[in-house]
Amino acid sequence: MGDLVLSPEPLDTSFSAIIKRLLDNLGPGTDTNTGSMARTLAESYAREMATFYAMLDHAHRSGYLETAEGGALDNVVAVLGLSRARAGRLMGEVEFSRNSPASDDIGIPAGRQVTGVVPAVGGRPKPLPLFETLEEAVLRRGDTRVVVRVQEIQDDSEASKKAPPVIDPGKLTMMPRPVLGIEAVTNRTPIRRTGEEETDTSLRARARTALRDGEKGTLEAIAAAVRQQGVQKVTVREPPDALPGVVEVLVGDPDFGEDAQAVARVEQAILVSKAAGIHVRLDYARTVYFEVELQVEPENADMDEVTFDRVRRELQQALVRFTRSLPVGEAVSRRKLEAVLFGNPAVRQIGDLHVTTYLRGVDPQTRAPVLVSEGTVREYGPYRDWRLAPRETPTIDLEKKPPRITRLRPPIHRLNLVVSRSRTDTRTTEQVRQSVRGAVEVYAARLAQDAKARGLPSAPIRWDDLQGTLKSQAGVEGLLSATLLSDDGLARTVLSGDPQPSIELMQGVRLVLGEAELVLLG
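A short tour of the structure in this document, coming up.

Criteria and thresholds
- The numbers attached to residues start from 1 for each chain and follow its sequence in the written order.
- The model is predicted, so local features are restricted to residues of pLDDT at least 70 and side-chain atom pairs to those at 80 or more, both for listing and for counting; the totals for chains, interfaces and linings are taken over all residues.
- Only hydrogens and water are set aside; all other atoms, that is, all heavy atoms of the structure, feed into the side-chain values.
- For two strands to count as paired, DSSP must find a minimum of two bridges between them.
- Helix and strand labels come from DSSP, where a helix needs a run of H or I of at least four residues and a strand needs a run of E of at least two; each type is numbered from the N terminus.
- Convention adopted: a line fitted to C-alpha atoms gives each axis, helices being fitted over their contacting stretch, and angles between N-to-C directions are expressed from 0 to 180 degrees.
- Contact between two residues is taken to exist if any of their heavy atoms lie within 4.5 Å; hydrogens are not considered.
- In this text, buried Ala, Val, Leu, Ile, Met, Phe, Trp, Tyr and Cys residues form a nonpolar core when linked through side-chain atoms within 4.5 Å.
- To sort residues, take the accessible area from a 1.4 Å probe on protein chains only and compare it with the maximum for the residue type: under 20% means buried, over 50% means exposed, and anything in between is partly exposed.

1. Side note on the sheet that holds strand 14 (residues 279-284)
- Taken together, the three strands give an open sheet; going across it, the order is 12-13-14, and neighbouring strands pair in mixed fashion. Taken across any chain shown, the strands that pair with only one partner, and hence form the sheet edges, are strand 12 (234-237) and strand 14. Neighbour to neighbour, the strand axes of the sheet diverge by 15° on average, direction disregarded.
- Pairing of strand 13 (residues 246-251) with strand 14 involves six bridges; the strand directions are parallel. Bridge pairing in strand 14 places Leu 250 opposite Asp 283.
- Along the sheet, helix 6 (residues 219-227) makes contact with strand 12 and strand 13, crossing strand 12 at roughly 155°.
- Each of strand 13 and strand 14 is contacted by helix 7 (residues 260-273), which is oriented at about 155° to strand 14, the strand it contacts most.

The structure is reproduced here in structure tokens:
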């Protein structure tokens, strides 16, 4: 068995290393002093060789994405169909977000595309130019949003040629290729034109994503091409009842098939993105308009009407995003819809949620298109979800049928307490009162849970239970007096040792702390 041969160290191609090797090999007796003929010839040769090695290394590095720079990098990424974004492009920031905190880190690669639509007079909304992220970003575990810089993709599309000088906040809301775990995207600030050219670092990052997402002819590639035309809801699938090589593209945007220009853009996008020999069937889902009506109790009972109006608009937008995210033909879950509402931190409780569904029809007198209320009931199952046919899609339209959200004002009963505290208690009076307030909230929640678990309309207020909660949650010595004051002005006293308390807290009634008098012991 032969000896192990180790690979030699990389050859040092610097001028000093080359001249040293040459002089060492000239042999004894050769004059190598500065100015001698042998040294002058060796130095001239070493200079040319060092220049040659440097040019060879530069040519080698210029052929790879990670090492090419400037114009060489432009040539490398051109193979992927990319080009450096020049000065004058639109540039700004977008926010990727989700309703609930992320359970783990969510990576957003550089080059991930976003776009949006703008209203058009007398027709369907027109698509905005495509934008792509300039850098890799991570939505960290426990966070709900992350901001990433984006720039316009300057191409030959109609949307890019007619791009506005400024894109207003809230217009970039679509991802042609969704990121798993990300539920929404938007620009919180205006997108403006910039005088800077794209850096090599940003161009490399976009090229890496292009390598990962560059496949053509796949179902996801076709769906992404359709979304780039301003389509918000699209399903691409291979129908089980069709022959091999047939792909169905189902567009779920409201009344999309009635816009000839939009249909033509989608057809062209499909033609470019599909593989040769694949037959694509383009179809449009029937839109079912949902008119949602509900009452909302804010977390802050003293919330003013201006703030509540802002919360109302936030909830309306959240409902629109929820229906927009549902696949065509999927039933609308009541629990998921309510979870969207409870995802707003300003919401404490919601009342019963009612939905009226509408279909597009024609006014018999004016022959104008109108929305007609359905005569059938779509609710089904124990959770009262809403059923949809395989080619139907739900939508909430803020102009035609906006959600009707009103304020829920539940009856409030106030609990006036006299409690004792120890002289050794170092807390301030206000701190003790805040602790008592929190203890009353805990006690009220337990009463509500108990009534719900037993299936009863109310739960009794017991002296021992109330005193135990105050001691454990507020750290007081004891309960001396408790009086319940209802919103109609009726006052009732909770009695110590009463085996059958006559005070019942009805479901839907909110129990809060009224007054708290503190008495020192000892």
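2. Side note on the pairing of strand 3 (residues 113-118)
- Two elements, strand 3 and strand 5 (residues 131-133), share two bridges in a ladder whose sense is antiparallel. Bridging from a neighbouring strand, Val 114 pairs with Phe 131 of strand 5.
- Both strand 3 and strand 9 (residues 172-174) contribute to a ladder of two bridges, which runs antiparallel. Residue Gly 116 lies in a different strand from strand 9, and its bridge partner there is Leu 172.
- Here strand 3 pairs with strand 4 (residues 126-127) via two bridges, running antiparallel. Counted as the bridge partner of Val 118 is Lys 126 from strand 4.

3. Side note on the nonpolar core
- Leu 417, Val 436, Ile 461, Leu 466, Leu 470, Leu 479 and Leu 511 are the most contacted members of the largest nonpolar core, which has 29 residues in total.
- Taken together, the elements giving at least two residues each to this core come down to strand 23 (412-422), helix 10 (429-454), helix 11 (463-474), strand 25 (478-485) and strand 28 (510-521).
- No other element matches the eight residues that helix 10 contributes to this core.
- Dropping the residues within four chain positions of it, Leu 466 is found in contact with Leu 415, Leu 417, Tyr 443, Leu 479 and Ala 482.
- Grouped together as the second largest cluster of nonpolar side chains are 28 residues, Phe 290, Val 311, Val 320 and Ile 405 included.

By themselves, these observations are geometric and do not establish any function.
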